[in-house]
Amino acid sequence: QQRAKQGKPKANLVLLRGCGARVKVPSFWERHQMKSFMIAPTCLIRGLGMSIEMDIINAPGATGDYHTDLESKANTALATFAQEEPRYDLGFVHVKAVDDAG
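All of these numbers come straight from a predicted model, not from anything done at the bench.

Q: Just to check I follow, could you spell out the overall build of the chain for this structure?
A: The secondary structure content of the chain amounts to 5 helices and 3 strands. Moving toward the C terminus, one meets the helices and strands of the chain in the order α-α-β-α-β-α-β-α. A compact globule built from 102 residues would reach a C-alpha radius of gyration of about 13 Å, whereas the chain, at 19 Å, exceeds it by more than 25%. Each of the three principal axes of the chain carries a C-alpha extent, and together these read 65 × 35 × 20 Å.

Next up, the structure:
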């Protein structure tokens, strides 16, 4: 309403983000014969991992921004590799703060 009072359009942009349907693609295992996990608190990256059927692991304090607990992400990844079952061949840890800085 404030924009309209100023003679501006009510909206000047519509941002459609995150909508769509999951596309069926081969899983990471089917493609590489590697059991994999992902630590990624941001929804977009997490969704990519889910699409290729990587196991999603939650790290305490992982926020996806500058305030993320990097030590927790590292410790969670190491603990995930150390567990007996399931045994993982590959772990992917996403650090979003790098994107935000650049």
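Still more ground to cover, so stick around.
Q: Where do I start with the nonpolar core in this structure?
A: Side chains that are nonpolar tend, in soluble globular proteins, to be buried together. Core analysis: the largest hydrophobic core is formed by 6 residues, namely F37, I39, I57, A59, A77 and Y88. With near-sequence residues (within four places) excluded, A77 lies in contact with F37, I39 and V93. F28, M38, I45 and M54 belong to the second-largest nonpolar core, a separate cluster that totals 5 residues.

Q: What exactly am I supposed to notice about the sheet that holds strand β3 (residues 90–93) here?
A: Here we have 3 strands laid out as an open sheet, ordered β2-β1-β3, and parallel in their pairing. Two strands lie at the open edges of the sheet, namely β2 (55–56) and β3, each paired on one side alone. Inspection of the sheet shows strand β1 (residues 36–39) paired to β3 by 4 bridges, in the parallel sense. By the bridge assignment for β3, I39 is matched with V93. Its contacts with the sheet place helix α4 (residues 70–82) against β1 and β3, and it is angled at close to 165° to β1.

Q: Hey, could you run me through the pattern of salt bridges in this one?
A: It is possible for side chains of opposite charge to pair when their charged atoms get near one another. According to the stated counting rule, one finds 2 salt bridges in the structure shown. Here K24 ties to E53 by a salt bridge, and the two come within 3.5 Å at their closest N and O atoms. Linking K24 in the loop between α1 (2–5) and α2 (28–32) with E53 in the loop between α3 (43–51) and β2, this pair joins segments that are 29 residues apart in sequence.

Q: Which parts of the structure should I look at to understand the environment of T80?
A: Mapping T80 onto the fold places it in helix α4. In sequence terms T80 and K35 are 45 residues apart; their C-alpha atoms lie 12 Å from each other. The residues contacting T80, other than those within four sequence positions of it, are F37, I57 and Y88.

Q: Can you walk me through the packing of aromatic side chains in this structure?
A: Centre distance and the angle of the planes are the two values used to describe a pair of aromatic rings. Under the definition given, this model contains 2 aromatic pairs. When the centroid spacing of 5.0 Å and the interplanar angle of 65° are considered together, the rings of F37 and F81 count as edge-to-face. One end of the pair, F37, is in strand β1; the other, F81, is in helix α4, and 44 residues separate them in sequence. Ring geometry for F37 and Y88: centres 5.0 Å apart, planes at 75°, overall edge-to-face. Within this pair, whereas F37 is found in strand β1, its partner Y88 is found in the loop between α4 and β3, the two being separated by 51 residues in sequence. Assessed through its relative accessible area of 10%, Y88 is described here as buried. Among the aromatic residues, those joined into a ring-pair cluster are F37, F81 and Y88.

Reading the values: the criteria
- Residues numbered from 1 in each chain as written.
- Predicted model: local features only at pLDDT ≥ 70, side-chain atom pairs only at ≥ 80, totals over all residues.
- Heavy atoms only, no water.
- Helix = DSSP H or I, 4+ residues; strand = E, 2+ residues; numbered from the N terminus.
- Rg over C-alpha atoms; globule rule 2.2 N^0.38 Å.
- Core = buried A, V, L, I, M, F, W, Y, C linked by side-chain atoms within 4.5 Å.
- Buried < 20%, exposed > 50% of the residue type's maximum accessible area, 1.4 Å probe, protein only.
- Contact = heavy atoms within 4.5 Å.
- Pairing = 2+ DSSP bridges.
- Axes fitted to C-alpha atoms, helices over the stretch in contact; angles between N-to-C directions.
- Salt bridge = Lys/Arg side-chain N within 4 Å of Asp/Glu carboxyl O.
- Phe/Tyr/Trp six-rings, centres within 6.5 Å; stacked < 30°, edge-to-face > 60°.

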